[in-house]
Amino acid sequence: MNSKLKGVLQVLLVVVLIGAFAFVAFHGIGSANKGNVKNIRLGLDLRGGVSVTYQANKENPTETEMDDTIYKLQKRVEDVSTEAAVYQEGENRITIDIPGVSNSKEILDKLGRAGSLQFILYTNLTDKDGNPNPDEGEEVKFDEADIEMDGTTIKSADAVSRTDNSTGARENVVQLEFNGKGTKKFGSVTSDHVGEQLAIVYDNKLVSAPNLREAITEGHCEISSPTFNENMEEARELASTLRIGALPLELTNIHDNVVGATLGSEALKSSLIAGIVGLILVMIFMIVMYRLPGVAASIALIFYTGAMLLALNGLNVTLTLPGIAGIILSIGMAVDANCIIFTRIREELATGKTISSAIQIGFSKALSAIIDGNITTLIAAFVLYIKGSGTVKGFAQTLAIGIVLSMITAIFVTRLLMNAFASLGLTDLKLYGVQKERKTLNILGAWKKCACISGAVLLICIIGLIVNYSTRGSVLNYSLDFVGGTSTSVSIDESTEITDQLKEDVLSTVKDASGLQGEVSSSDDKGVKKITVRTTHLSEDQAEAVRTALADEFGVDKGQVESETISETVSGEMKTDAILATLIAALCMLIYIWIRFRNLATGCSAVLALIHDVIAVFTLYVVGSSFIQVGSTFIACMLTIVGYSINDTIVVFDRIRENRAKASSRADMAEIINRSITETLSRSINTSVTTLIMVLALAILGVSSVRQFAIPLIVGIVSGCYSSIFVAAPLWYLFSGRGEAKAKKVETYSKKKK
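Predicted model only: the values in this text are computed from it and were never measured.

### Remarks on the packing of helix α18 (residues 600-623) against helix α22 (residues 728-735)
No. 1: Their axes nearest at 8 Å, the elements α18 and α22 cross at an angle of 145 degrees. For the element pair α18 and α22, the recorded crossing hand is right-handed. Taken together, the residues of α22 that come into contact with α18 (itself represented by Ala601, Thr602, Cys604, Ser605, Leu608 and Ala609) are Ala728, Leu731, Trp732 and Phe735.
No. 2: Looking at side-chain class alone, the contact of α18 with α22 contains eight nonpolar, two polar and no charged residues.

### Side note on the nonpolar core
No. 1: Met286, Leu301, Ile345 and Tyr621 are the most contacted members of the largest nonpolar core, which totals 140 residues.
No. 2: Take this core: its biggest share by element is 17 residues, from helix α10 (residues 321-350).
No. 3: Ignoring any residue separated from it by four or fewer positions in sequence, one finds Met286 in contact with Arg291, Gly294, Ala297, Ser298, Val335, Asn338, Cys339, Phe342 and Thr690.
No. 4: With 24 residues, the next largest nonpolar core counts Phe178, Leu198, Ile200 and Met232 among its residues.

### Points about the packing of aromatic side chains
No. 1: Inspection of the entire model under this criterion finds six aromatic pairs.
No. 2: For the ring pair Phe21 and Phe303, a centre distance of 5.1 Å and an interplane angle of 55 degrees mean the geometry is tilted. Here Phe21 is found in helix α1 (residues 3-27), whereas its partner Phe303 is found in helix α9 (residues 292-314), with 282 residues between them in sequence. Grouping residues by exposure puts Phe21 and Phe303 together as buried.
No. 3: On the numbers, 4.4 Å between centres and 25 degrees between planes, the contact of Phe178 with Phe186 is stacked. Pair check on accessibility: Phe178 and Phe186 agree, each one buried.

### Quick notes on α9
No. 1: Taking 1.5 Å per residue, 23 residues should reach 33 Å; α9 reaches 33 Å between its end C-alpha atoms and fits that length.
No. 2: Two residues or fewer after α9 comes Asn316, characterised by a positive phi angle close to 55 degrees.

### A short note on the pairing of strand β13 (residues 251-259)
No. 1: Burial analysis of β13 places seven of its nine residues in the buried class, which makes it a mostly covered element.
No. 2: Taken together, the eight bridges between strand β1 (residues 49-56) and β13 define a ladder with antiparallel strand orientation. Looking at β13, one finds that Val50 is bridged to Val258.
No. 3: Bridge analysis of β13 against strand β17 (residues 561-566) gives four bridges, and the strand direction is antiparallel. Considered in β17, the bridge of Val258 is made with Ser563.

### Points about the side chain of Thr53
No. 1: Summarising the element assignment, Thr53 is placed in strand β1.
No. 2: Note on Thr53: relative accessible area 8%, which makes it buried.
No. 3: Polar contacts involving the side chain of Thr53 include one to the side chain of Thr95, which spans 2.9 Å.
No. 4: What Thr53 contacts, discounting residues up to four positions off in sequence, is Glu89, Arg93, Ile94, Thr95, Thr252, Asn253, Ile254 and His255.

### What about the environment of Ile443?
No. 1: Structurally, Ile443 can be placed in the loop between α12 (391-423) and α13 (447-472).
No. 2: Classification of Ile443 by relative accessible area gives buried; the value is 7%.
No. 3: A C-alpha to C-alpha distance of 7.6 Å links Ile443 and Ile725, two positions 282 residues apart in sequence.
No. 4: Dropping the residues within four chain positions of it, Ile443 is found in contact with Asn674, Ile677, Ile725 and Phe726.

### Overview of the pairing of β17
Look at any regular strand and the pattern is simple: side chains alternate between the two faces of the sheet.
No. 1: Among the six residues that make up β17, six are buried, leaving the element largely enclosed by the rest of the structure.
No. 2: Of the two faces of β17, the one holding Val561, Ser563 and Thr565 and the one holding Glu562, Glu564 and Ile566 are both buried throughout.
No. 3: Note that strand β14 (residues 485-492) and β17 share six bridges and pair antiparallel. By the bridge assignment for β17, Gly485 is matched with Ile566.

### Notes on the side chain of Asp654
No. 1: Along the polypeptide, Asp654 turns up in helix α19 (residues 632-662).
No. 2: With residues up to four places along the chain from it excluded, the contact list for Asp654 reads Arg344, Lys365, Ser368, Ala369 and Phe597.

### Observations regarding the pattern of salt bridges
No. 1: Scanning all chains against the criterion turns up 17 salt bridges.
No. 2: Between Glu233 and Arg236 there is a salt bridge, with the nearest N and O atoms lying 3.5 Å from each other. Taken as a pair, Glu233 and Arg236 lie in helix α7 (residues 232-244) at a separation of three residues, close to a single helical turn.
No. 3: Residue Lys365 pairs with Glu348 through a salt bridge whose shortest N-O separation is 3.0 Å.

### Focus on the sheet that holds strand β7 (residues 147-150)
No. 1: Taken in spatial order, the four strands of this open sheet run β7-β4-β10-β11, and their pairing is antiparallel. Two strands bound the open sheet, and with one partner strand each, they are β7 and β11 (205-208). Averaged over all neighbouring strand pairs, the angle between strand axes comes to 35 degrees, with direction disregarded.
No. 2: The pairing of strand β10 (residues 198-202) with β11 spans three bridges and is antiparallel. Paired with Ile200 across the two strands is Ser208, which belongs to β11.
No. 3: Running over the sheet, helix α5 (residues 180-192) touches β7 and β10 and is turned about 150 degrees from β7.

### Remarks on the confidence of the model for the chain
No. 1: Counting all residues, the mean pLDDT for the chain is 83, and 92% of those residues have values of 70 or more.
No. 2: Mean pLDDT across the elements of the chain ranges from a minimum in helix α23 (residues 743-753), with 47, to a maximum in α5, with 94.
No. 3: Across residues 739-750, where pLDDT falls below 50, the model places 15 contacts with residues more than four positions away in sequence or in other chains.

### Some thoughts on unusual backbone geometry
No. 1: Even without being a glycine, Asn133 presents a positive backbone phi close to 55 degrees.
No. 2: On the secondary structure map, Asn133 appears in the loop between β5 (126-127) and β6 (140-141).
No. 3: For Asn133, a relative accessible area of 54% gives the class exposed.
No. 4: Backbone geometry places Arg291, a non-glycine residue, at a positive phi of 60 degrees.
No. 5: Counting through the fold element by element, Arg291 comes out in the loop between α8 (261-290) and α9.
No. 6: Exposure remark for Arg291: the relative accessible area of 40% places this residue in the partly exposed category.

### Overview of the state of the cysteines
No. 1: Enumeration over the complete set of coordinates arrives at zero disulfides.
No. 2: Cysteine Cys721 remains unbridged, with the sulfur of Cys339 as its closest cysteine sulfur at 11 Å.
No. 3: With a relative accessible area of 12%, Cys721 lands in the buried category.

So, how was this worked out
Residues numbered from 1 in each chain as written. Predicted model: local features only at pLDDT ≥ 70, side-chain atom pairs only at ≥ 80, totals over all residues. Heavy atoms only, no water. Axes fitted to C-alpha atoms, helices over the stretch in contact; angles between N-to-C directions. Helix = DSSP H or I, 4+ residues; strand = E, 2+ residues; numbered from the N terminus. Left-handed = near helix turned anticlockwise from the far one by under 90°. Contact = heavy atoms within 4.5 Å. Nonpolar A, V, L, I, M, F, W, Y, C, P; charged D, E, K, R; others polar. Core = buried A, V, L, I, M, F, W, Y, C linked by side-chain atoms within 4.5 Å. Buried < 20%, exposed > 50% of the residue type's maximum accessible area, 1.4 Å probe, protein only. Phe/Tyr/Trp six-rings, centres within 6.5 Å; stacked < 30°, edge-to-face > 60°. Expected span 1.5 Å × (residues − 1). Pairing = 2+ DSSP bridges. Polar contact = N/O pair within 3.5 Å; in protein donor to acceptor, adjacent residues only side chain to side chain. Salt bridge = Lys/Arg side-chain N within 4 Å of Asp/Glu carboxyl O. pLDDT = per-residue confidence, 0-100. Disulfide = S-S within 2.5 Å.

Structure representation (structure tokens):
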């Protein structure tokens, strides 16, 4: 095949794929519009709604008990929303997410009840005062010995409209079916009490008391009522109550969150704008720095974005605000592989290779560094998914998907485009750039200065910890995630001036509604002005009273009031998980690098460089405690930095290993390391710049909760670039047996360079 024709076909293939992605993303496929971005599931922080996490009171519930409880809870929430999700977390916790709802009090009341359903002869019931013949809806009393059956015997219950066989009239009824145990028991009860009323009691309230017209032994029956024909909703409510039955486990609410839909939509809008702006800036940067290869990388980024949208839809990932941050971050990191490849291609062109040959060799030499770097970042994402919860898991998912797609895009799509350009005759060296001869920098000679800089950061961190503890009684500004309690936020009009008197009035309102003192703060974020009050743990009734009071106080809809309650148990676990997750990730990376480079010194120096970066970011949390809180995203931030930093370090180590293998046995190790760092320096800087562009876009254009995540990442990216150059490699030099015995060589080498 003619090479130019082949090049045209290759470019057309990529363009067609991008066009197909765009069509599916905006129009979908088939009548269900599969693949349409509008079908991507949005988390509560983007869509608004109610989320609640329950913990079983039983210490070690069985798998069957947990499965049955999840099933029953799913049946409960089906009446509220068909999009609700019920899933298990850990061994004894169940989380329920109900998007797009605002009647939080009613929902939490309904979900929070243990749910006790009994069948009792009506004559054995009394009202709460001990009087016989209670009315429907009344609270009733009865002896445990009088319970004939409970909710565990029910298999299904549905409200249906059918034709009466005798009259031909349409009527609404509740069709009830029992399981094996229930069929036998119900047959016995109905046989013994034909003509009597069998009361249905739910949570100690009389729901219904239908007459037993005959013995029912086949395991299914119908409940009819004249009111059902007038109002089908009554039949549905009874069917729902029967279907829910009794939960196998008693549950305790340990975390509930009510998110306003307005705030969620603002967060989504600003994050998407940040992503688009960042993507455009990255593409411009790549074209300016790498010329024609930068064009290929930009087209590949568009391909990557389309593939990411389809992956989110196809894998049914719930997109959260941290998840969007993960996607935006992965776009910046997606360029990393291209930077490695393009640097290699320029180096090959400098040796006189042809464009086609340089492309093939460049991709081949860059492959090991790309794979190693991405695997270590995937380790961080995996640990984050295992140890994280809620929206943090969403971040881990999107970051992992992004890493895999970016690697595939760089290795296959970018390569296809580069080969196509070569086939089309675009072989002028000016279009690619040739690596100029680089003067080897004496990085190892600067180790004392670098040690002073790193030591100063550590000293600042220690002093900050002491100052924070002495002034506020806590070393860090912990968010609700790490201390527990209840936080309630109300969105107010932009024209409202937030004064000290207003804050005092808010505190007074909260105290009147809940009986508790609180701490008030305010924020003005992307056109959304908020007043936030933090108190100790509020009950569901107290939290609802506070939400109502604040809505009335500011004359806003309750949908503009958010609240979150976290138990001390959960907050304590989050602190532990933050430490464990970082340690586990670092250990896994140490093992991987040890195996991959066959050198423990390599792994140890890389992990120590990671610890350096963690300390740098932690120092920001310490000195910036007045505006940055330590919350659930703290774990995501730390592990992202760990993954990003190790990626950069591995690229440097990979070049050291390559140059060491090519050098003679008498070659000076210090010179090899300095040359290797110099050769990878432009790639390290360019990758950091592209990632910084994306994160800066988030920090500037994103909402407050995203900025709390983005600002520490900025520090981590800068520190990661610094540590891979000035910390990791010098440590490898020391740990690989050179140490003090070779220190003089470094000094001698430094003098020669001068």
